[in-house]
Amino acid sequence: PWGTPLQPGIPEYTGDPTTRPTAAHQADMIGIGHDGMWFFPERARGRQSSQSGILCINHEFGRNPHVLGKHSPENLEDVRLSQHAHGVSLVELEERGGQWRVVHGPLNRRVHVNTPVAFSGPVVASPAGRELLDLNNRPHDARGTVNNCSSGHTPWGTYLTCEENFNGYFGATGDWVATEARQRYGFSKNGFGYGWEKFDARFDLSSQAFANEDNRFGWVVEIDPQNPVARPVKRTALGRFKHEGAALTEGKDGRVVVYMGDDQRFDYIYKFVSAENWRTMRARGASPLDEGRLYAARFNDDGSGEWLELNIDNPRLAARFANQAEVLTYARLAADALGATPMDRPEWTCIAPDGRVYCTLTNNSARSEADAANPLAPNPDGHIIRWRDSEQHTGTAFAWDIFLIAESTHGTADTFSDPDGIWADPDGRLFIQTDGNQLDGLNNQLLVADTGTGELRRLLTGVSGDEITGLAVTPDRRTLFCNTQHPGNGDPTRT
């Protein structure tokens, strides 16, 4: 839980509101707002262990009253405490006698808002792209990851953490320019009320010293769990938007395919396909996540679909953007221009053993007109869509259908709403986690679905005001890790 020390000598924080961790201590503790995660097993004698390994945990958010004990920060120390509670925790665990415990090993560490990071991929390949990230003026000052929602993992053993509602941590102490792009990504003068901009100019939209700092967030970030000195890398080829997660699979010719949702009402589902076989790319020292094609999905009414490539060579994008770096940095605007299908808050994606891809669409109470892929207007309870891509995930055509509509389960034993987390196990069972006001007065929950029949079984329910999220399993699948985020909605007396 939040406040668990990662290193010896760090005092544990147990939630006592009269004693809170310092910012320095929080940088060596498990963060708050647990979300996506994955387990990386220890390897010994060529085998993967199911009793020891590294658990990577995302920390999506932590409200000021919960973290600071007050509604607004009063100094830079308060801001640093809040910032260090966000990001990612990497923690060594081992199981002995049926109990899991933290091991204070050398691989334990935090990646937070002030951790040095690197940028890679097409956006940093040109001076124009580097200007978008303010790397021409501040090349050695790239730091941090925030609002880390869902996640992914690669076949080469790295962790992908996804930056979602990054806009809410920025504010403005003075006049600032609300450009079309900033409006499209939801920036505002007060953000979500964190107040970081009052004491940390990096998050002040009106600060000229940190121009384009906002463009440095909204990416998929790759972390090597086995290398504590390696900087996390923001992979710009995967586009900038409110990333909910990144589900990877190996497609035709060994190319890596990544499916991603942009979690906002009327936003899009994306796909990235690497340029070559991932093993070949890594053998020549290139990242499979740095070279490839990014697409946004269009769902047609007849059950067919198209992947629309976000490429500056398209005349519709060339008329709107100056270069490919702009296309990727403002991927939402590019998808708008190409006519991608606005969806009901695309959240997690996963790939089933039979090759079908599933995506949870949490809800959209603002929808006034239904379409085939979003069949309810409004859609207060959400649904799950699925599709099968052509050419082993690498093609530009797909066929889709609706797997489940949450509304249809009302009043039954398997009632659920607001699907969010999702994972398909090697046998094809679909694990579904919820985040929202559940039907029939239930708390949020974890269910399992038969992908052939749609039959549901409930595994667990949470406590009052929480979200059930994050799924990770040991190689033998005898242990499943699952998070309960913000129990009591941030007030532990309400759980």
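These figures come from a predicted structure and were not determined experimentally. (Residues numbered from 1 in each chain as written. Predicted model: local features only at pLDDT ≥ 70, side-chain atom pairs only at ≥ 80, totals over all residues. Heavy atoms only, no water.)

As for the pattern of salt bridges
Part 1 of the reasoning: For the structure on display, the rule yields 38 salt bridges.
Part 2 of the reasoning: Here E213 ties to R202 by a salt bridge, and the two come within 3.2 Å at their closest N and O atoms. With a gap of 11 residues between them, E213 in the loop between α5 (180–184) and β9 (220–223) and R202 in the loop between α5 and β9 connect regions that are remote in the sequence.
Part 3 of the reasoning: Of the residues examined, E213 reaches a relative accessible area of 0% and is grouped as buried.
Part 4 of the reasoning: The class for R202 is buried, based on a relative accessible area of 1%.
Part 5 of the reasoning: Two residues, D427 and R477, come together in a salt bridge whose shortest N-O distance is 3.0 Å. With D427 in the loop between β22 (419–424) and β23 (429–434) and R477 in the loop between β26 (467–473) and β27 (480–485), this pair connects stretches of sequence that are 50 residues apart.
Part 6 of the reasoning: Look at D427 and you get exposed, because its relative accessible area is 52%. (Salt bridge = Lys/Arg side-chain N within 4 Å of Asp/Glu carboxyl O. Helix = DSSP H or I, 4+ residues; strand = E, 2+ residues; numbered from the N terminus. Buried < 20%, exposed > 50% of the residue type's maximum accessible area, 1.4 Å probe, protein only.)

Some words on the sheet that holds strand β25 (residues 456–461)
Part 1 of the reasoning: Sheet architecture is open: four strands sit in the order β22-β23-β24-β25, paired in antiparallel fashion. Each edge of the sheet is formed by a strand with only one pairing partner; in this case those strands are β22 and β25. Across this sheet, the average inter-strand angle for adjacent strands is 25°, counted without regard to direction.
Part 2 of the reasoning: Alignment of β22 against β23, held across four bridges, turns out to be antiparallel. (Pairing = 2+ DSSP bridges. Axes fitted to C-alpha atoms, helices over the stretch in contact; angles between N-to-C directions.)

A look at the nonpolar core
Part 1 of the reasoning: By size, the foremost hydrophobic cluster in this structure holds 59 residues, and its most contacted members are V258, M260, Y270 and L310.
Part 2 of the reasoning: Residue assignment for this core shows that the elements contributing at least two residues are β8 (159–163), β12 (255–261), β14 (269–277), β15 (292–299), α8 (324–329) and α9 (331–338).
Part 3 of the reasoning: With six residues, the single largest contributor to this core is α9. (Core = buried A, V, L, I, M, F, W, Y, C linked by side-chain atoms within 4.5 Å.)

Observations concerning the packing of aromatic side chains
Part 1 of the reasoning: Taken as a whole and assessed by the stated rule, the structure comprises 29 aromatic pairs.
Part 2 of the reasoning: Summarising the aromatic geometry, the rings of Y169 and W196 are spaced 4.9 Å apart at their centres and angled 35° between planes, so their arrangement reads as tilted. Taken as a pair, Y169 in the loop between β8 and α5 and W196 in the loop between α5 and β9 lie far apart in primary sequence, 27 residues in all.
Part 3 of the reasoning: What links up through ring pairs into an aromatic cluster is the set F166, Y169, F170, Y185, F187, F192, Y194, W196, F203 and F217.
Part 4 of the reasoning: Between K271 and the ring centre of Y295, over which it is positioned, the NZ or CZ distance is 5.6 Å.
Part 5 of the reasoning: Just above the ring of Y185 sits the side chain of R332; from NZ or CZ to the centre is 5.2 Å. (Phe/Tyr/Trp six-rings, centres within 6.5 Å; stacked < 30°, edge-to-face > 60°. Lys NZ or Arg CZ within 6 Å of the ring centre and 35° of its normal.)

What is shown is where atoms sit, not what they do.
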